[in-house]
Amino acid sequence: MENRQENVKRCFWANPKNPLYVKYHDEEWGRPLHDDGRLLELLILESFQAGLSWECVLNKREAFREAFDGFDRDCILSYGEAKIDELMATPGIIRNRRKIKATITNTAVFKAIQEEFGSFDAYLCGFCPKETIYDHTSVTSEISDALSADLRRRGMKFVGSTTIHAFLQSIGVFNSHMPDCFLHHSNL
């Protein structure tokens, strides 16, 4: 559904002056996503968002894609200190050494989960209901608490409950569009 008319009412956080943010809100956020490659990308981006605004990360998304080899799992797993130094010098991304190293670690955990469950999506299904949850007020949930705890137990970093809840909103487990938003489930 592509609807980027100026007079359309959106969630308050979707900055109408930022076309990337409007497009993300209208075409991606809250839509069910089951592709492991895209799930990895969003999980990485959400971990970089920790302590920053999503708009900041979204504005850097294309630079991240280029710098992190299209979020190719196996490429990321091959990164060593030379690549980390290169990323630390890459303009256009968030240059935080701890988050860059966490991306490599998190990608290794992601791969191990894929190997254990067949896919990361199948792993998520063990935590998430099949039906979308409609909730526009929560910033954490029992689901994000449990998933965050399990990911941290497995060795992931920058995956606290608030970060994981935002990830779950982005991939459509939670539909968190505001009641006055044209994408709120009661308006569809």
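Our subject is the structure listed above.
Residues numbered from 1 in each chain as written. Predicted model: local features only at pLDDT ≥ 70, side-chain atom pairs only at ≥ 80, totals over all residues. Heavy atoms only, no water.

Here's the deal with the environment of Ile143
Phase 1 of the analysis: Structurally, Ile143 can be placed in helix H9 (residues 142-153).
Phase 2 of the analysis: Those residues in contact with Ile143 that sit more than four places away from it in its chain are Phe127, Cys128, Pro129, Ile133, Leu168 and Phe174. (Helix = DSSP H or I, 4+ residues; strand = E, 2+ residues; numbered from the N terminus. Contact = heavy atoms within 4.5 Å.)

Comments concerning the nonpolar core
Phase 1 of the analysis: Counting 50 residues, the largest nonpolar core has Phe68, Phe120, Leu151, Phe167, Leu168 and Ile171 as its most contacted members.
Phase 2 of the analysis: For this core, the leading source of residues is helix H2 (residues 36-49), giving seven residues. (Core = buried A, V, L, I, M, F, W, Y, C linked by side-chain atoms within 4.5 Å. Buried < 20%, exposed > 50% of the residue type's maximum accessible area, 1.4 Å probe, protein only.)

Quick look at the packing of H2 against helix H10 (residues 161-170)
Phase 1 of the analysis: Contact pair H2 / H10: the axes reach a minimum separation of 10 Å and the direction vectors enclose 140 degrees. By the angle class used here, H2 and H10 are oblique. Here H2 and H10 pass one another in a crossing that is right-handed. Residues Leu39, Leu42, Leu43, Glu46 and Ser47 of H2 form the contact with H10, whose participating residues are Thr163, Ile164, Ala166, Phe167 and Ser170.
Phase 2 of the analysis: Among the residues making up the contact of H2 with H10, the classes are represented as six nonpolar, three polar and one charged. (Axes fitted to C-alpha atoms, helices over the stretch in contact; angles between N-to-C directions. Parallel < 35°, antiparallel > 145°, perpendicular 65-115°, else oblique. Left-handed = near helix turned anticlockwise from the far one by under 90°. Nonpolar A, V, L, I, M, F, W, Y, C, P; charged D, E, K, R; others polar.)

A word on helix H6 (residues 81-88)
Phase 1 of the analysis: Turning to H6, its buried residues number three or more, namely Lys83, Ile84 and Leu87. Seen along its axis, H6 keeps its buried residues to an arc of 100 degrees; they face one direction.
Phase 2 of the analysis: Buried-residue contacts for H6 involve helix H4 (61-67) and helix H7 (97-117). (Arc of directions from axis to C-beta.)

Focus on the packing of H2 against H7
Phase 1 of the analysis: Close contact between H2 and H7 brings their axes to 10 Å; oriented N to C, the two are set at 145 degrees. You can see that H2 and H7 cross each other, and the crossing is right-handed. Listed contacts from H7 to Asp36, Leu39, Leu40, Leu43, Ile44, Ser47, Phe48 and Gln49 of H2 are Lys99, Ile100, Thr103, Thr107, Phe110 and Gln114.

Thoughts on the pattern of salt bridges
Where side chains of opposite charge bring their charged atoms close, a pairing between them can arise.
Phase 1 of the analysis: For the structure on display, the rule yields 18 salt bridges.
Phase 2 of the analysis: A salt bridge links Arg65 to Glu62; the shortest N-O distance between them is 2.5 Å. Remark: Glu62 and Arg65 occur in helix H4; sequence separation between them is three residues, near one turn of the helix.
Phase 3 of the analysis: For the salt bridge of Asp150 with Arg154, the shortest nitrogen-to-oxygen distance reads 2.7 Å. (Salt bridge = Lys/Arg side-chain N within 4 Å of Asp/Glu carboxyl O.)

Remarks on the packing of aromatic side chains
Phase 1 of the analysis: Considering all chains together, one arrives at twelve aromatic pairs under this definition.
Phase 2 of the analysis: The interplanar angle of 65 degrees and the centroid separation of 5.9 Å between the aromatic rings of Phe48 and Phe68 together place this pair among those described as edge-to-face. In this pair, Phe48 is assigned in helix H2 and Phe68 in the loop between H4 and helix H5 (73-77), connecting sequence segments 20 residues apart.
Phase 3 of the analysis: Ring pairs connect the aromatic residues Phe48, Phe64, Phe68, Phe71 and Tyr79, which therefore count as one cluster. (Phe/Tyr/Trp six-rings, centres within 6.5 Å; stacked < 30°, edge-to-face > 60°.)

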